[in-house]
Amino acid sequence: MMMRFGLPGGRGDLGGNGATSTVELARIAETLGYDSLWFTDGHLSSVGSRTVTSRPSPIPLAAAVAAATTRISLGFTALHLSMHDPIQLAADLATLDHLSGGRVILGIGWPVDAYAAAYRGGTEPAAADLPEALDTLLGYWRGRTRSAADGTQYRVGPIPLQQPHPPIEISPRSEESIIWAATRRHRLVLPAVTTTASIATCVALYTAHGGQASDIRIERFCLVAESDEAARERATPIVVRLTRRLAALGGDEHGHQIVGDSDFDPSRFQEDTAVIGSPTTVARRMALLRDSLGVERINLRPSFSGTASLAMQQSTVRMFAGKVVPLLAQPATFRAMS
């Protein structure tokens, strides 16, 4: 099985918050052979108990990347459909799909209650549930019309270049949402804080209800260094900071809930949840995910949610592409070593 690897984009990873740095990241990622670049929804980011700051809007950033690249896919982890105007979102995503030559991957998820309340200012009624919002979006792409007050019928356009629609990847919040994704034949994307045991549980549940393991994407915090010792030395303070923050947030990151029980003990997190080590060690860990669980799509998180330095992130991205990926092209070797 050929593995495909993605990188984050548009949240300051690997080069600041501006569109210029995101476009440069995309060019580098495409040159290095990465499969996809991922943009996070959520214009609110907690910076304290009472204040929030805005994040870059993902669709305009993805459009800038589309204009500067030719191959790399443009994914979202995860758009909160119920917080967008459905007509505008349908048109924006379809336009992006055309501009990119059919490279959009629609990752969607549920925002946590606290995020949703902050987004609505605590005054508006609860937003529509994700399945309903997705059905509305897909309905517009299939030709569903809207009625005006005078009875005139309007059709939403354009429709996406990819037919019947771009691939849909669900960021689940419960076992029920995993089953729903599998029965609807949607892909699955599991966040970086999911433990290896939880990933195995999710894969088993998804495949038991008709899904394919090859349609599951997982995120993984990743640090590659010249040796295991160097990697552990660099990763330890980063993991301590990250696990403390995740524990304080209850495991939630950027506006959508995680699946399963996460262990935020730094040692356990460093050895199990994150992928840290020399090129050989990192390749072996990735090969185990592929060979034991059937996972082929992995999004790297080299920033460790903003706790790793820019230089460390860039080193991981280049070493992974230059040294880890070639080792993974020798699957028999890593099956024997696992």
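All values reported here derive from a predicted model rather than from experimental measurement.

Which residues make up helix 6 (residues 175–183), and what values do they have?
Every buried residue belonging to helix 6 is among S177, I178, W180, A181 and A182, and all of these are buried. In this structure, the buried residues of helix 6 make contact with helix 5 (130–141), strand 9 (168–171), strand 10 (187–190) and helix 7 (196–208). Positioned one or two residues after helix 6, R185 has a phi angle of 65°, which is positive.

Report on the side chain of E296, specifying residues and quantitative values.
With respect to the element layout, E296 can be found in the loop between helix 10 (279–293) and strand 13 (297–301). Notably, E296 is buried but unbridged: the nearest opposite-charge side chain belongs to R297, and the N-O separation is 5.4 Å. The contact partners of E296, leaving out residues within four places of it in the chain, are M1, M2, M3, R4, S214 and I216.

How would you explain the packing of aromatic side chains if you had to name every residue and give the values?
As enumerated under the stated definition, the model contains five aromatic pairs in all. Both rings, one in F221 and one in F269, keep their centres 5.9 Å apart while their planes meet at 40°; by these two values the pair is tilted. On the criterion of sequence distance, the pair formed by F221 in strand 11 (residues 216–224) and F269 in helix 9 (residues 266–273) is long-range, its members being 48 residues apart. Residue classification places F221 among the buried positions, given a relative accessible area of 0%. On the accessibility criterion, F269 (0% relative accessible area) is buried. Ring pairing ties together the aromatic residues F221, F269 and F304, which thus form one cluster.

Residues and numbers for the nonpolar core, please.
Counting residues in hydrophobic clusters, the biggest one holds 70 residues, and the most contacted among them are M286 and F320. Of the residues forming this core, the biggest block, seven residues, is contributed by helix 5. Residues contacting F320, with those up to four places away along its chain left out, are F5, Y34, C222, V224, V282, M286, L300 and V325.

Explain the packing of helix 6 against helix 7 to me, and be specific about the residues and the numbers.
Here helix 6 crosses helix 7 at 45°, and the two axes come no closer than 8 Å. As the angle between them shows, helix 6 and helix 7 are arranged oblique. Between helix 6 and helix 7 lies a crossing whose hand is right-handed. When helix 6 is examined against helix 7, the residues E175, I178, I179, A181 and A182 are found in contact with a partner set consisting of C202, L205 and Y206. Here the residues of the contact of helix 6 with helix 7 sort into seven nonpolar, no polar and one charged.

So what's going on with the pattern of salt bridges? Which residues, and what values?
Applying the stated criterion across every chain, the model contains 10 salt bridges. A salt bridge links R217 to E169; its shortest N-O distance comes to 2.9 Å. Of this pair, R217 sits in strand 11 while E169 sits in strand 9; the two residues are 48 residues apart in sequence, bridging distant segments of the chain. Judged by relative accessible area, which is 1%, R217 ranks as buried. The exposure class of E169 is buried, given its relative accessible area of 0%. Residue R290 is joined to D291 by a salt bridge in which the shortest nitrogen-to-oxygen separation is 2.8 Å. Taking the relative accessible area as the measure of exposure, R290 reaches 1% and is therefore buried. Owing to a relative accessible area of 30%, D291 belongs among the partly exposed residues under this scheme. Shared partners join several salt bridges into a network, and the residues in it are E169, R187 and R217.

What counts as what
- Residues numbered from 1 in each chain as written.
- Predicted model: local features only at pLDDT ≥ 70, side-chain atom pairs only at ≥ 80, totals over all residues.
- Heavy atoms only, no water.
- Buried < 20%, exposed > 50% of the residue type's maximum accessible area, 1.4 Å probe, protein only.
- Helix = DSSP H or I, 4+ residues; strand = E, 2+ residues; numbered from the N terminus.
- Contact = heavy atoms within 4.5 Å.
- Lys, Arg positive; Asp, Glu negative; His and termini not counted.
- Salt bridge = Lys/Arg side-chain N within 4 Å of Asp/Glu carboxyl O.
- Phe/Tyr/Trp six-rings, centres within 6.5 Å; stacked < 30°, edge-to-face > 60°.
- Core = buried A, V, L, I, M, F, W, Y, C linked by side-chain atoms within 4.5 Å.
- Axes fitted to C-alpha atoms, helices over the stretch in contact; angles between N-to-C directions.
- Parallel < 35°, antiparallel > 145°, perpendicular 65-115°, else oblique.
- Left-handed = near helix turned anticlockwise from the far one by under 90°.
- Nonpolar A, V, L, I, M, F, W, Y, C, P; charged D, E, K, R; others polar.

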